Amino acid sequence: MICFSSIYLKSMEFTTAEPFLHKGLLQSFELTKYILKTNVYPREPSPLKELREVTAKHPGNFMSTTPDSGQLMGMLLKLINAKKTIEIGVYTGYSLLLTALSIPHDAMGIELIRNIKLPTDSSMIIAIDPNKETYEIGLPIIQKAGVEHKINFIESQALPVLDKLLQNKDNEGSFDFAFVDADKENYLNYHERLLKLVKVGGLIVFDNTLWGGTVAQPEEAVSEDRKESRRSIIEFNNSVSIDQRIEIALTPSGDGLTICRRIR
Ligand SMILES: C[S@@+](CC[C@H](N)C(=O)[O-])C[C@H]1O[C@@H](n2cnc3c(N)ncnc32)[C@H](O)[C@@H]1O
Ligand SMILES: O=c1cc(-c2ccc(O)cc2)oc2c(O)c(O)ccc12
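The rules behind each value
Residues numbered from 1 in each chain as written. Chains lettered and ligands numbered in written order. Predicted model: local features only at pLDDT ≥ 70, side-chain atom pairs only at ≥ 80, totals over all residues. Heavy atoms only, no water. Helix = DSSP H or I, 4+ residues; strand = E, 2+ residues; numbered from the N terminus. Polar contact = N/O pair within 3.5 Å; in protein donor to acceptor, adjacent residues only side chain to side chain. Contact = heavy atoms within 4.5 Å. Buried < 20%, exposed > 50% of the residue type's maximum accessible area, 1.4 Å probe, protein only. Pairing = 2+ DSSP bridges.

Asker: Explain the side chain of D243 to me, using residue names and the numbers behind them.
Answerer: Along the chain, the position of D243 falls in the loop between α10 (224-241) and β6 (246-251). Polar side-chain contacts of D243 include one of 3.1 Å to the side chain of H191. Setting aside chain neighbours within four positions, we find D243 in contact with H191 and L195.

Have a look at this one:
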């Protein structure tokens, strides 16, 4: 579970729709709130706002991708004109709905108009999570937003799905973008597989790479329940920092977002 810093707690005012505020790594909660209030919320599409508010009532709400990270991801998806993506770790679907709203709306339509039969694995977003129940919390909002047809939800652990995709050579280098927000212990395993699935020039984005700031704290100062993931994230951060196959940017958005661009 989450460990709140007492200094942070003193300066924060929670509202029911903002359970993720504690994840901000900025100087103060006021600063995080300032960014949300002035730049993020006014532009947040209404289906995402609705999904965020529904998720806020769920006990796992602290896991949802933060709206500021979501805004950055939406920008990246549009900058690279992403069409085919993979998402590992769906929960109630904030980042998934964001992706579905950010990729082109006409891509599937054009192929239908041309009457091209799409192979079953050609969905726009392959979204993987062993927990379908939480996905179903956000699903009615995804349906109402008219983007469900872009999503192929796979109820499974991610590694076997990625390995299966890699058995088909046609999938190699065929994805534009991947977002990883699941079990931190497998981040390096996901990285190796996704590097083969994403094209040169494509992006792989990892959430929680500052793990509540614990990556910069001595292990003794970190609560027991956060230690294992902290070690994995530190190992992941060290590994990508010297990986010559990618360019990287670790941004302090939300809980830390590492953007990897495949260059070879
Ligand atoms: C932090 S939440 C994802 C939050 C989501 N991106 C959002 O915006 O709401 C982590 C999710 O990873 C899923 N998960 C855990 N282990 C997994 C695995 N091995 N493969 C795929 N998903 C996994 C959990 O079921 C959970 O729904
Ligand atoms: O506190 C968490 C825990 C997770 C988590 C733990 C185990 C899994 O198999 C998957 C995810 O993820 C989190 C997360 O993504 C976040 O943004 C905040 C907190 C946590």
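More follows now that the structure is in view.
Asker: I'd like a description of the pairing of strand β2 (residues 125-128), backed by residues and values.
Answerer: By the alternation rule, side chains of β2 split into I125 and A127 and I126 and I128, which are all buried. In this sheet, β2 lies alongside strand β1 (residues 85-88) in parallel orientation, the contact comprising 4 bridges. From the neighbouring strand, I88 faces β2, where its bridge partner is I128. Relative to strand β3 (residues 151-154), β2 is paired through 4 bridges, and the arrangement is parallel. When the sheet's bridge partners are listed, I128 is paired in β3 with I154.

Asker: Just give me the short version of unusual backbone geometry, but keep the residues and values in it.
Answerer: Phi at Y91 is positive, roughly 50°, even though this residue is not glycine. Along the chain, Y91 turns up in the loop between β1 and α5 (94-102). Under the relative-accessibility criterion, Y91 is labelled buried at 9%. One non-glycine residue, N208, adopts positive backbone phi at about 70°. With respect to the secondary-structure elements, N208 resides in the loop between β5 (198-207) and α10. The buried category is assigned to N208, whose relative accessible area is 5%.

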